[in-house]
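Residues per chain, in single letters:
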Amino acid sequence: MATTSLRFSFFLLLLPLLLPYCVNSKTLTRDVKALNEIKGSLGWKVLFAWTGDDPCGDGDIAPWIGITCSPPKETEFRVVTELELIQGMIMGPFPLAVTKLLDLKKLDLHGNKLTGVLPPEISRLTQLITLNLRGNKLQDAIPVELGELKQLKGLFLSFNTLRGGIPTEVAELKGLRYLYLNENKLTGQVPPELGDLPELRHLDVSNNHLTGSIKELIGSEGRFPLLRVLYLNDNWFSGSIPADLAQLKELEILYLSHNRLSGSIPDSLAHLLKLTYLYLDGNNLSGKIPKALYSHKMLKELYILGNQFEDDVKPIGLHRNMEVSDTEFVA
């Protein structure tokens, strides 16, 4: 009798280790538990969309809506690699259980009604390549722990109510290509360390309360080597447009509208051979437009309203408000 009791006690000790292999689900138990925690904390749309015991699906059974898993293998449990719950499917505080899905490569919760803070535990998701939380109601500071997501290529936090400064830790994401922080309430200066990101293509910090000068951001030669899109509009940047902008050889869109910029347009901007859109409206710029811009082979739009230019200065092209769409977030 004592031997039987001892064996049963030993089995209880092993049970947590054996549990992943004792369920019918082919999804790793850790991920099943995390998804059920998420399911319990979110809205009715998720509650009724996530049915069945196996989030990753099995055979003819489809995976839960918004979930992508690793390919099936006979000897391995599947793990969740992508979670996409978008356009009003969820609301309330950021679901902390998401940070337990340790194999996530893509987390897309854009267009919902998430509130509160982006938790520092987001740093657990070290495999993340894309983090898209734009169009929510997230508040307070951008967590410095984002700097630990070393695989990240796309960071989209636009259209929230984030406050405070842009953490310099973002500059530790050496593979980052797309950084969108527009339409928040961010303050302070844009960290010039962002210029050392070797892969950065798009930088949008428009419609915040950012200060400082463009010269401080651009810095010395060799910064922003692959930058194609730079949106600094609708902030409180001051000073002149630096001639050093000409070092951004890949630049196609430069949007400086509605700041506190003064002085003249440097002739060197015409050396940006790929420049297609140049928006300067709503500043205190003066003088003339460099003649070379009028003969620029690629420039389609030059928007200059609301400045102090001389009377004979004219815009170029048909002007409109530009918004980069999701389809332009390419690798």
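The coordinates are above.
Please read these numbers as outputs of a predicted model, since none were measured by experiment.

Moving on: the overall build of the protein chain. Counting its secondary structure elements, the protein chain contains five helices and 21 strands. If you take every contact in the protein chain between residues at least 6 apart in sequence, the share linking residues at least 24 apart comes to 52%. Surface accessibility of the protein chain: about 16400 Å² in total, with carbon and sulfur atoms responsible for 56%.

Moving on, we come to the environment of L152. Among the structural elements, L152 can be located in the loop between β7 (137-140) and β8 (154-156). Judged by its relative accessible area of 0%, L152 falls in the buried class. Along the primary structure L152 and T126 are separated by 26 residues, whereas in three dimensions their C-alpha atoms are 8.4 Å apart. Here L152 is in contact with L128, I129, T130, L131, L173, G175 and L176, once residues within four sequence places are set aside.

This structure, assessed with the given rule, holds five aromatic pairs. Ring centres of W50 and W64 lie 5.1 Å apart, and the angle between their planes is 20°; on these two criteria the pair is classed as stacked. Taken together, the positions of W50 in the loop between α3 (44-49) and β1 (67-69) and W64 in the loop between α3 and β1 put the pair 14 residues apart, joining distant regions of the chain. With a centroid separation of 5.4 Å and an interplanar angle of 75°, the aromatic rings of Y279 and Y303 are classed as edge-to-face. With Y279 in strand β18 (residues 277-279) and Y303 in strand β20 (residues 301-303), the pair connects residues that are 24 residues apart, well separated along the chain. Aromatic ring contacts, followed pair by pair, group Y231, Y255, Y279 and Y303 into a single cluster. Looking at K39, its charged tip hangs above the ring of W64, at a distance of 5.4 Å from the centre.

Before going further, it helps to examine the side chain of T27. Following the sequence through the fold, T27 ends up in the loop between α1 (2-18) and α2 (29-41). Within the local environment of T27, its side chain forms a polar contact with the side chain of D54, the two groups lying 2.4 Å apart.

What counts and what doesn't
Residues numbered from 1 in each chain as written. Predicted model: local features only at pLDDT ≥ 70, side-chain atom pairs only at ≥ 80, totals over all residues. Heavy atoms only, no water. Helix = DSSP H or I, 4+ residues; strand = E, 2+ residues; numbered from the N terminus. Contact = heavy atoms within 4.5 Å. Areas by Shrake-Rupley, 256 points an atom, 1.4 Å probe, with all protein chains shown as cover. Buried < 20%, exposed > 50% of the residue type's maximum accessible area, 1.4 Å probe, protein only. Phe/Tyr/Trp six-rings, centres within 6.5 Å; stacked < 30°, edge-to-face > 60°. Lys NZ or Arg CZ within 6 Å of the ring centre and 35° of its normal. Polar contact = N/O pair within 3.5 Å; in protein donor to acceptor, adjacent residues only side chain to side chain.

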